[in-house]
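# Secondary and tertiary structure notes
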Amino acid sequence: MRDLGHDRRFPTLPSWIRAHDDRRSEIFTYACFALAPIVGSLVSVIVNLAAVGGVLEVFRSAVRLTRDRYVLCLAVPIYLYCGAYLLALAANPSASWTYALPLATLLLFPFLYSSWSLSRHETVARAVVFGSAAACFGALALAIIQSHVLGMRAEGGDGNAIVFAVVTTLSALVSLAGIFGRPGMAATILFAAYCAGSIAVLYSGSRTAWLALFLASGATLSIYSGRRPAWNPTVAAVCAVAGLVAIIAVATFIVPTRIEALVHDWREINTDGNRDSSLGNRRELWKLAAGAISQQPILGHGPQATRQIIREGFARDGMTARYTHFHNGFLTAWVEAGIVGFLALIGILLAALWAAVRTLLAAPNDNQRLGAAILSVTAIAYAVNGSTAILLGHDILDAMFVAFLCVGAYLAAGTSALDTTKDA
C-alpha cells in the first residue's frame, strides 16, 4: 500500500490513521450494524459519535468532505428536509428550538460518510454483511425471550415493536444480499441469519414490516437475478427447505392472530363505529393529519404541534389514546414541515433508488451491487413501514437510516482514502 500521507488527494492524512489502516471503521461498522435491534438507543449514540468524529476529521483535514456524486444527490433532499423543519419552527415562534435536535443526525450525514471513506470497500462490505447477520441472530434470541418467556410482543432493546421490526428487516435483507458474494459456509450462515431475522420480524407482530420484508426480499433477489451463490446445491436445497419450514412454523401461530385482529378492527369501525382499536386510531390520526395539512399546507405547523393536534382532535371525539405522530411518516412530515418537507422526504427515498438503479446499469462489481441492494432495500423498507408508522423522527430510525444510506452509497460509488485506485 502506498503512503497515503503523501497522496495528493489526501495530503494531510495523519500517521495514526495510516498506521491503523481501516481497522477503526471495521470495528465501528460491526458495532453499528450488529447492535441495532438489541441495544436500543445506544446504537444512535454510536452513530452520532462517529458522525461527530467525521466532523473533526474533516476540519482537521484528515479527509476531505466528500464530493461523491451519490452522496451529493442524497444530501440535497436531506438538507432540504431539515431546512423545511427549521423554517417551520421559525414560522411558529412559540416553539422550542429543542425540537430541532433530532435533525442533527441527518445533518451529519456527509460527515459520517466522509469518516467511512477512511476504509476499504471490501472491509466495509464484509463488516456490514456479517454485522447484519449477527444482528439477526441477536434479534431472534431477544424475540424468543420476550415472546415465550416474558409473554410480550417482541420489541427488541428499544421497547418499540415497530422500530425493532424495521431495523431487523434491514439486517435480514443485507444478510440475504450477502449470500451471493460469500462462498461455502459463509453463505450458509448468512442464509440462516436471513431466516432468523425474518422470524424475529414475525415475532414483532408488525404487519407492515412483514409486507416490507416480502417486497424488499423480492427486490434483492431481482438485483441478484442471474447470480448464483457459490454454494453446494445440496446444501442450498437443504437450507432452503429448513429455513422455509422454520418460517412457516412460526408464521402459523402469529400471522393468523394478527390478521384476525385487523379484520376485527375493520368490522368494528364499519358496523359499530368503534374507533378504539389500532386500525380505528390510525384512521382518526390520518383524518386529523389531513385536516391539519389543509390549514397550513405550505409551511406546516412545526414538530411541536403534533401532540397537541392529536390530543385535541381525540378529545373532541371522546378518545383518550395518546400518540406522538400520525402513524404515517409522510403525513407527519407534511403536517410538521409543510409541503417542502413532504416532497423532500420523498426525494430522499427516490434519490436512494435512483443511485441504486444507476449503479446496477453500470456493470457493477460485487461491492457495488451490494451497495445498490442496500440503497434499494433501505428506501423500500422505510417507505413501506413509514406509510403506517413513523418514518423519521425516532433516534434509532434516523441513525440507521443515515448509516445504511452512507454504506450503500459508499459501496455503490464511493471514493476510498485507503484504496490505491478510485472505485467511482
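Please read all numbers here as calculations on a predicted model, not as lab measurements.

Counting across every chain of the model gives 4 salt bridges. Glu26 is the partner of Arg126 in a salt bridge, and the nearest nitrogen-oxygen pair spans 3.3 Å. Of this pair, Arg126 sits in helix 7 (residues 121-149) while Glu26 sits in helix 2 (residues 23-35), and the two are 100 residues apart along the sequence. Judged by its relative accessible area of 27%, Arg126 falls in the partly exposed class. Residue class for Glu26 comes out buried when judged on its relative accessible area of 11%.

Attention now goes to helix 9 (residues 184-204). The first and last C-alpha atoms of helix 9 sit 31 Å apart over 21 residues, in line with the 30 Å expected at 1.5 Å per residue. Burial analysis of helix 9 places 17 of its 21 residues in the buried class, the great majority of the element. Just past helix 9, the residue Gly205 takes up positive phi, approximately 75°.

To continue, consider the side chain of Ser44. Note that Ser44 resides in helix 3 (residues 42-59). Under the relative-accessibility criterion, Ser44 is labelled buried at 5%. From its side chain, Ser44 meets the backbone oxygen of Ser41 in a polar contact 2.6 Å long. Excluding residues that lie within four positions of it along the chain, Ser44 makes contacts with Asp395, Ile396 and Ala399.

Our next topic: the packing of aromatic side chains. Counted under the stated rule, the structure contains 11 aromatic pairs. For the ring pair Tyr70 and Trp354, a centre distance of 5.8 Å and an interplane angle of 80° mean the geometry is edge-to-face. Placement of Tyr70 in helix 4 (residues 69-91) and of Trp354 in helix 14 (residues 329-360) is noted, with a sequence separation of 284 residues between them. The class for Tyr70 is buried, based on a relative accessible area of 3%. Among the aromatic residues, those joined into a cluster by ring pairs are Phe28, Phe33, Trp116 and Phe404. Stacked on the ring of Tyr70, the Lys or Arg Arg69 has its end atom at 4.8 Å from the ring centre.

Contact pair helix 2 / helix 6 (residues 109-116): the axes reach a minimum separation of 10 Å and the direction vectors enclose 130°. In this view, helix 2 runs oblique relative to helix 6, as classed from their interaxial angle. Contacts between helix 2 and helix 6 involve Ser25, Phe28, Thr29 and Phe33 on the former and, on the latter, Leu112, Ser115 and Trp116. A class-by-class count of the residues in the contact of helix 2 with helix 6 yields 4 nonpolar, 3 polar and no charged.

Attention shifts here to the nonpolar core. Core analysis: the largest hydrophobic core is formed by 118 residues, its most contacted members being Tyr81, Tyr382 and Met400. Those residues in contact with Tyr81 that lie beyond four places of it in its chain are Leu103, Leu106, Ala333, Gly341, Ala344, Leu345, Ile348 and Leu392.

Following both chains from N to C, one finds helix 8 (residues 161-178) and helix 10 (residues 207-223) inclined at 20°, their axes separated by 10 Å at the closest point. The angle between helix 8 and helix 10 places the two elements in the roughly parallel class. Both helix 8 and helix 10 take part in a crossing whose hand is right-handed. The segment helix 8 lies against helix 10, with Ala165, Thr169, Ala172, Leu173, Leu176 and Ala177 engaging Ala209, Leu213, Ala216, Ser217, Thr220 and Leu221. Partitioning the contact of helix 8 with helix 10 into residue classes produces 9 nonpolar, 3 polar and no charged.

Here we take up unusual backbone geometry. The residue His327 is not glycine, and still its phi comes out positive at about 55°. Within the fold, His327 resides in the loop between helix 13 (306-316) and helix 14. With relative accessibility at 8%, the residue His327 sits in the buried group.

Turning next to the environment of Leu213. The topology assignment puts Leu213 in helix 10. Separated by 168 residues in sequence, Leu213 and Ala381 have C-alpha atoms that sit 7.1 Å apart. Ignoring any residue separated from it by four or fewer positions in sequence, one finds Leu213 in contact with Thr169, Ala172, Leu173, Tyr194, Ser198 and Val201.

Our focus in this paragraph is the state of the cysteines. This model, assessed by the stated rule, comprises 0 disulfides. Cys136 carries a free sulfur, and the closest cysteine sulfur to it, the one in Cys195, is 9.7 Å from it. Cys32 supplies the cysteine sulfur nearest to Cys406, a cysteine that is in no disulfide, at a spacing of 9.3 Å. What makes Cys406 buried here is its relative accessible area of 0%.

Calculation criteria
Residues numbered from 1 in each chain as written. Predicted model: local features only at pLDDT ≥ 70, side-chain atom pairs only at ≥ 80, totals over all residues. Heavy atoms only, no water. Salt bridge = Lys/Arg side-chain N within 4 Å of Asp/Glu carboxyl O. Helix = DSSP H or I, 4+ residues; strand = E, 2+ residues; numbered from the N terminus. Buried < 20%, exposed > 50% of the residue type's maximum accessible area, 1.4 Å probe, protein only. Expected span 1.5 Å × (residues − 1). Polar contact = N/O pair within 3.5 Å; in protein donor to acceptor, adjacent residues only side chain to side chain. Contact = heavy atoms within 4.5 Å. Phe/Tyr/Trp six-rings, centres within 6.5 Å; stacked < 30°, edge-to-face > 60°. Lys NZ or Arg CZ within 6 Å of the ring centre and 35° of its normal. Axes fitted to C-alpha atoms, helices over the stretch in contact; angles between N-to-C directions. Parallel < 35°, antiparallel > 145°, perpendicular 65-115°, else oblique. Nonpolar A, V, L, I, M, F, W, Y, C, P; charged D, E, K, R; others polar. Core = buried A, V, L, I, M, F, W, Y, C linked by side-chain atoms within 4.5 Å. Left-handed = near helix turned anticlockwise from the far one by under 90°. Disulfide = S-S within 2.5 Å.

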